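Structure assessment
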Amino acid sequence: MTEEKAPLETEKDDLDFINSLLNPEPEPETEMTDAEKAEAEALKKKNAVEAQKRREREAKEKAEIEKKAKAEAEAKAKAEQEAKQKTEEETRAKGESGNQRENQVTELAKQIADFRIKHPEIDIEKLQKDTNFTEYLSGKLLGKKTFTELFESYNAFVNRIGGVSPKEQYSKNADKPSSKSANKGTTLPEDVYTEEEMERIARKMPFMSRQELEKINEKLNRSLAYYNKK
Amino acid sequence: MGNTHISLPALSAKIYKEWYPKTVLVQSCDDAFEGELNLETRELDIPVYHDLSIHLTTLKEAELKPAPIEFVKASVKRVTIDKGRYAHWGQTEVGRLVERLSAEDSEVRKKLVNKWAIEAEKELAIWCAKLPAAQTIDLVTALTDASTNANGHLTSDNVMQALDILKAHAIAKDMEPSEFKLFTSEKFESILRDSKLVLASVSADETFKTGSIGVVNGVDIRRHFVADITTRNSTTHVVEAEWGIWKTRDGIQYVVPYKNTVSYDLSPEQVLMGGKGYQTVEYYDFFNLYPTRLYKVKIRYSGTANAPTVFS
């Protein structure tokens, strides 16, 4: 069982506590010694030095960031400038190559016009389909020799190796019936298709109807027999 | 001249030219088309006929009233070609199969041509046998008589009646019966022979066509050779029931707008010493643009047999 305080005694305790809160006793002032003063002064100075250093460091960091940003902006501007310059150069180069191509086309047209004057008998449309001639021309066109010279040297080359002379092969008169003495071996019988007609029929034939096939059937069989024997 | 480039399409043309006359059904179809097959879209125009109108007037008015002009050229139906058939073969460098196939009397080509004709005929016949009920003429029901013909058999006694029924179907739809032809098996022909009817010939040209039987009661009758649309006795193989086909020429549009043979190299790994591979191909298709001009006819000859409903 706890021992209870008398009511009067309790009130007195509370009153003392309240008084102590309301009128706190002043802490006794202690007088600083010289040594303590010196120590405080040193601490103050040290703090001041550290603050100075901190300010200097922050200023330096700020300067560095600014410098870096400036360098980046300069590099970016430089890159843009270079890209712009490059585009301009490319556009200029393209224009120049376009002009160059235009000049080449003009030059080739001139050479072909000269060729037509010199060799009016040659069917140039047939000639340009000749893959051998195209291969022969490869890398030589618009070089040191003109188109006419190239054709003449190709003609000489073919003659030398014993082929059919391009001059004869691509002559505009080649398909027309000639006198009996000339071209005796190349005339076709009237009732067979020419080689060109055969090629045209070969392309069209898969799409022909039964009626269309009936129409060409006889002549085609004759032509096939003729070319097989040849 | 190296003529390989022409000999290959020419070979395809030769095969097509030879298999077509061997057919009965295919040959009886309209094969007209316009323009060239577009190989990318596979589209083709088929001319459509009988689309001109007749306008009526009275003589009292003494004038012909202007009517909207109908352009015949414009009446085409655009269809998509969806079928193809091909033969695949090769030759070694030693052999010369193309030349052998192209030769006039080539036995290899004859076999190939027969197979193509049979395949084309069979496919078309089965397609006809699968026509919907609206395009069916049921002779079994029409010939059934409770007292004399309970199973609706077609016999030499009622064959004329059967032909009259077919003609009546055409007349009922305002069509000319002589435009129609009847395609049946050999059983129908034997019934006609049994009935001792006079078989008139059509024309010299038609008589020599494959399958031609003759004209009876104004009906042009042809015999086909497709067993798939007949029901046969399991022992004797005699036809007991079948699907006949009653159609006009334009009842079916059968077109072959592309035929070609292509070649390609075979490597020595595939064939000893290497060689050439060939593929003969035909693109084709068939259509029924006028449903009233094509019917399947249900026929029963004996017992309770029914025309086939399942096809291989």
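Just so it is clear, the model here is predicted, and its values are computed rather than measured. Chains are numbered independently. Their residues run from 1 in the order of the written sequence. Working convention: letters from A go to chains and numbers from 1 go to ligands, in the order in which they are written. Only residues with pLDDT of at least 70 are given local features in this predicted model, and only at 80 or more are side-chain atom pairs given and counted; all residues enter the totals for whole chains, interfaces and linings.

1. Points about the overall build of chain A
Runs of E in the DSSP output that reach at least two residues are strands. Runs of H or I that reach at least four are helices, and both are numbered from the N terminus. On a plain count of helices and strands, chain A comes out with 8 helices and 0 strands. With 230 residues in all, chain A has 5% of them scored as buried. C-beta atoms are first placed from the backbone for all residues, and any pair lying within 7 Å is then listed as a contact. For chain A, the proportion of contacts with a sequence separation of at least 24, taken over those separated by at least 6, is 65%. Exposure classes come from backbone-placed C-beta atoms, where a residue is buried if 20 or more other C-beta atoms lie within 10 Å of its own, exposed if 12 or fewer do, and partly exposed in between.

2. A closer look at the interface of chain B and chain A
Contacts between the two partners involve 19 residues from chain B and, on the opposite side, 17 residues from chain A. Among the elements that take part in the side of chain B that touches chain A, helix α1 (residues 4-19) of chain B stands out by supplying 8 residues, more than any other. In terms of residue class, the side of chain B that touches chain A is made up of 10 nonpolar, 5 polar and 4 charged. All amino acids are sorted into three groups, where Ala, Val, Leu, Ile, Met, Phe, Trp, Tyr, Cys and Pro are nonpolar, Asp, Glu, Lys and Arg are charged, and the leftover types, Gly among them, are polar.

3. Thoughts on the pairing of strand β2 (residues 76-80) of chain B
All names here are of chain B. Judged by how many residues are buried, β2 sits mostly at the surface: 0 of 5 residues are covered. Here strand β1 (residues 43-47) runs beside β2; their pairing, made up of 5 bridges, is antiparallel. Pairing of Leu 44 across the sheet is with Val 79, part of β2. Should DSSP find at least two bridges between two strands, the strands are taken to pair.

4. Examining helix α3 (residues 107-129) of chain B
Under the convention used throughout, the expected extent of a helix is 1.5 Å for every residue step, that is, one less than its residue count. Along its 23 residues, α3 of chain B runs 33 Å from first to last C-alpha, staying within 8% of the 33 Å computed at 1.5 Å per residue. Inspection of α3 of chain B places Arg 109, Val 113, Trp 116, Ala 117, Ala 120, Glu 121, Leu 124, Ala 125, Cys 128 and Ala 129 of chain B among the buried residues, and these make up the whole buried set.

5. Some thoughts on the confidence of the model for chain A
pLDDT expresses, on a scale from 0 to 100, how confident the predictor is about each individual residue. Residues of chain A with pLDDT of at least 70 account for 82%, and the chain-wide mean is 78. Below pLDDT 50 for its whole length, residues 176-184 of chain A participates in 3 contacts with residues either more than four positions away or in separate chains.

6. Quick notes on unusual backbone geometry
Residue and element names in this part refer to chain B. The backbone phi angle of Asn 217 is positive, close to 55°, even though this residue is not glycine. One can find Asn 217 in the loop between β6 (212-216) and β7 (219-223). A positive phi angle is found at His 237, which is not glycine, with a value near 65°.

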